[in-house]
Amino acid sequence: MEEAEVNKDSPVPLYYQIKEILKEKIESGVLEPNERLPSERDLQNKHGISRMTARRALTELESEGYAYREQGKGSYVEEPKLRQALSKLTSFTEDMRDRGLEPGAKVLSKELISVEDQLSDKLTLQSDEKVFLLRRVRFANNEPLAIETSYLRNKFCPGIEDFDFNDRSLYETLRTKFGINLGRAEQSVEANLASKFEADVLNIEKGSPMLTTERLTFLTDGGTPIELARSTYRGDRYKMMVELRR
Ligand code: 16G
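Sequence order sets the numbering: in each chain, residues are counted from 1 along the sequence as written. Where totals are concerned, whole chains, interfaces and linings use all residues; where local detail is concerned, this predicted model gives features only for residues with pLDDT of at least 70, and gives and counts side-chain atom pairs only at 80 or more. Excluded from the side-chain calculation are hydrogens and water; included are all heavy atoms of the structure.

Trainee: Tell me about the site of the ligand, and please be specific about residues and values.
Mentor: Distances are taken per atom, and a residue is near a molecule or strand as soon as one of its heavy atoms is within 4 Å of it. Surveying the vicinity of the ligand reveals 18 residues, the closest of which are Thr93, Glu148, Ser169, Leu170 and Glu227. Polar contact is defined as a pair of N or O atoms within 3.5 Å, subject to the rule that within protein one atom must be able to donate a hydrogen and the other to accept it, and that residues adjacent in sequence are counted only when both atoms are side-chain atoms. Separating an oxygen atom of the ligand from a side-chain N or O atom of arginine 136 is a distance of 2.8 Å. Between the ligand and serine 231 there is a distance of 2.8 Å, counted from an oxygen atom to a side-chain nitrogen or oxygen. Here the ligand, which alone exposes 450 Å², has 100% of that area covered by the protein. We count a stretch as a helix when DSSP gives it H or I for four or more residues in a row; a strand needs E for two or more, and each element gets its number in order from the N terminus. Of all the secondary-structure elements, those providing two or more residues to the shell around the ligand are α4 (92-98), β5 (131-140), β6 (143-153), α6 (170-178), β8 (209-219) and β9 (225-234). The element that contributes the greatest number of residues to the shell around the ligand is β9, accounting for 4 residues. Split into classes, the residues belonging to the shell around the ligand amount to 5 nonpolar, 8 polar and 5 charged. Note that accessible areas follow from Shrake-Rupley with a 1.4 Å probe, and for residues the cover is restricted to the protein chains shown. Only Asp, Glu, Lys and Arg are considered charged, only Ala, Val, Leu, Ile, Met, Phe, Trp, Tyr, Cys and Pro nonpolar, and every remaining residue, Gly among them, polar.

Trainee: Tell me what's going on with the packing of aromatic side chains, and back it up with residues and numbers.
Mentor: Aromatic rings from Phe, Tyr and Trp, taking only the six-membered ring of Trp, are treated as a pair when their centres fall within 6.5 Å; an angle between ring planes under 30 degrees marks them as stacked, one over 60 as edge-to-face, and anything in between as tilted. Summed over all chains, the structure comprises 6 aromatic pairs. Both rings, one in tyrosine 15 and one in tyrosine 16, keep their centres 6.2 Å apart while their planes meet at 85 degrees; by these two values the pair is edge-to-face. Among the residues examined, tyrosine 16 registers a relative accessible area of 34% and is labelled partly exposed. Ring centres of tyrosine 68 and tyrosine 76 lie 5.7 Å apart, and the angle between their planes is 20 degrees; on these two criteria the pair is classed as stacked. Ring pairs connect the aromatic residues Phe132, Phe163, Phe165 and Phe178, which therefore count as one cluster. As a reminder, the over-ring test applies to NZ of lysine and CZ of arginine, requiring each to be within 6 Å of the ring centre and within 35 degrees of the ring normal. Residue placement shows arginine 56 over the ring face of tyrosine 15; its charged tip is 3.8 Å from the ring centre. A cation sits over an aromatic face here: arginine 184 above phenylalanine 218, 4.1 Å from the ring centre. Residue exposure (1.4 Å probe, protein chains only): buried if accessible area is under 20% of the type maximum, exposed if over 50%, otherwise partly exposed.

Trainee: Can you break down the nonpolar core residue by residue, with the values?
Mentor: Among the buried residues, those of types Ala, Val, Leu, Ile, Met, Phe, Trp, Tyr and Cys that are joined through side-chain atoms within 4.5 Å form a nonpolar core. Counting residues in each nonpolar core, the largest one holds 16 residues, and the members touching the most others are Ile18, Leu22, Ile26, Leu31, Leu37, Leu43 and Leu61. Within the residue set of this core, elements represented by two or more residues are α1 (14-27) and α3 (51-63). By definition, residues are in contact when any of their heavy atoms lie within 4.5 Å. What leucine 61 contacts, discounting residues up to four positions off in sequence, is Lys19, Leu22, Lys23, Leu37, Tyr66 and Ala67. Within the second largest apolar cluster, 13 residues are counted, among which are Phe132, Leu134, Ile160 and Ile226.

Trainee: I'd like a description of the pattern of salt bridges, backed by residues and values.
Mentor: The term salt bridge refers to a side-chain nitrogen of Lys or Arg lying within 4 Å of a carboxyl oxygen of Asp or Glu. Across all of its chains, the model carries 19 salt bridges by this definition. A salt bridge links glutamate 148 to arginine 138, with the shortest nitrogen-to-oxygen separation between them at 3.0 Å. Here glutamate 148 is found in strand β6, whereas its partner arginine 138 is found in strand β5, with 10 residues between them in sequence. You can call glutamate 148 buried: its relative accessible area is 10%.

Trainee: So what about the packing of α1 against α3? Which residues, and what values?
Mentor: Axes here mean lines fitted to C-alpha atoms, for a helix over just the part in contact, with angles spanning 0 to 180 degrees between N-to-C directions. Put simply, α1 and α3 touch, their axes get as near as 8 Å, and they point 50 degrees apart. In this view, α1 runs oblique relative to α3, as classed from their interaxial angle. Handedness of the crossing formed by α1 with α3: right-handed. Residues Leu14, Tyr15, Ile18, Lys19, Leu22 and Lys23 of α1 lie in contact with α3, whose contacting residues are Thr53, Arg56, Ala57, Leu58, Glu60 and Leu61. Among the residues forming the contact of α1 with α3, the class breakdown is 7 nonpolar, 1 polar and 4 charged. Roughly parallel means an angle under 35 degrees; roughly antiparallel, over 145; roughly perpendicular, 65 to 115; everything else is oblique. Helix crossings fall into two classes, left-handed where the near helix is turned counterclockwise from the far one by less than a right angle and right-handed where it is turned clockwise.

Trainee: Could you give an account of α1, with specific residues and numbers?
Mentor: The end-to-end C-alpha separation of α1 is 20 Å, in line with the 20 Å expected for 14 residues at 1.5 Å each. Among all positions in α1, only Tyr15, Gln17, Ile18, Lys19, Ile21, Leu22, Lys23, Lys25 and Ile26 are buried. Against α2 (40-47), α3 and β2 (74-77) lie the buried residues of α1. The span you would expect from a helix comes to 1.5 Å times its residue count less one.

Trainee: Pulling in residues and values, what's your account of the packing of α2 against α3?
Mentor: Contact geometry of α2 with α3 gives a least axis separation of 8 Å together with a crossing angle of 120 degrees. Here α2 lies oblique to α3, going by the angle between them. For the element pair α2 and α3, the recorded crossing hand is right-handed. Each of Glu40, Arg41, Leu43 and Gln44 in α2 lies in contact with α3, whose residues at this interface are Arg51, Ala54, Arg55 and Leu58. For the contact of α2 with α3, the residue count by class is 3 nonpolar, 1 polar and 4 charged.

Shown next as structure tokens:
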């Protein structure tokens, strides 16, 4: 294969050029997931650069989520991030199946509660209205990816607290057991760092980058909120995609 060369006269730093060359190979599939990347020494010899420069290129590739390091062995190509299209109102189960991955869940907590303040306003709750809280770790092919916390207006789905959400989809349950069809949702995404709790549950380092979302979902009338979900996804495994039209 024709190799891209570094340009030593360019104002673009050498480590950056090397990183971009490797990124291009990963994105085009020339280097496949879990394939070994060239070592610091390989890069040094091949491009006539310093060891420091080679190391920096590899370290940055890791921090951008393109590579991972195996202690004493070298750097390897990371699996591509999972894309979540923000234009479609889909469930976690549907998102994973679309990608050929096996969705999974582990319930962390499940209870009927009364809520106040912001949450109650967003869900437009009446004063004595109960909310079903469901907090789950979500998996793809057994890898923990996210923690999702859903607050559902119990009056639309009385008895939902009796279902076992370790092995069933929430949206499917709403549809098939309660005849609830979802119409639209409003969703925000922001950056965060993993707390100790999130890190322990998701098996990542405390302080890892996370994408935190809040989704308010409405019934088909478009104006009645049914679910407020606050979820946090591993930043190294997730990419949120939005389609823009003009
Ligand atoms: C998605 C939703 C969440 C919902 C869940 C249901 C976000 C950003 N999105 O992950 O609101 O509770 O799907 O998934 O939180 P399930 O039908 O697979 O249980």
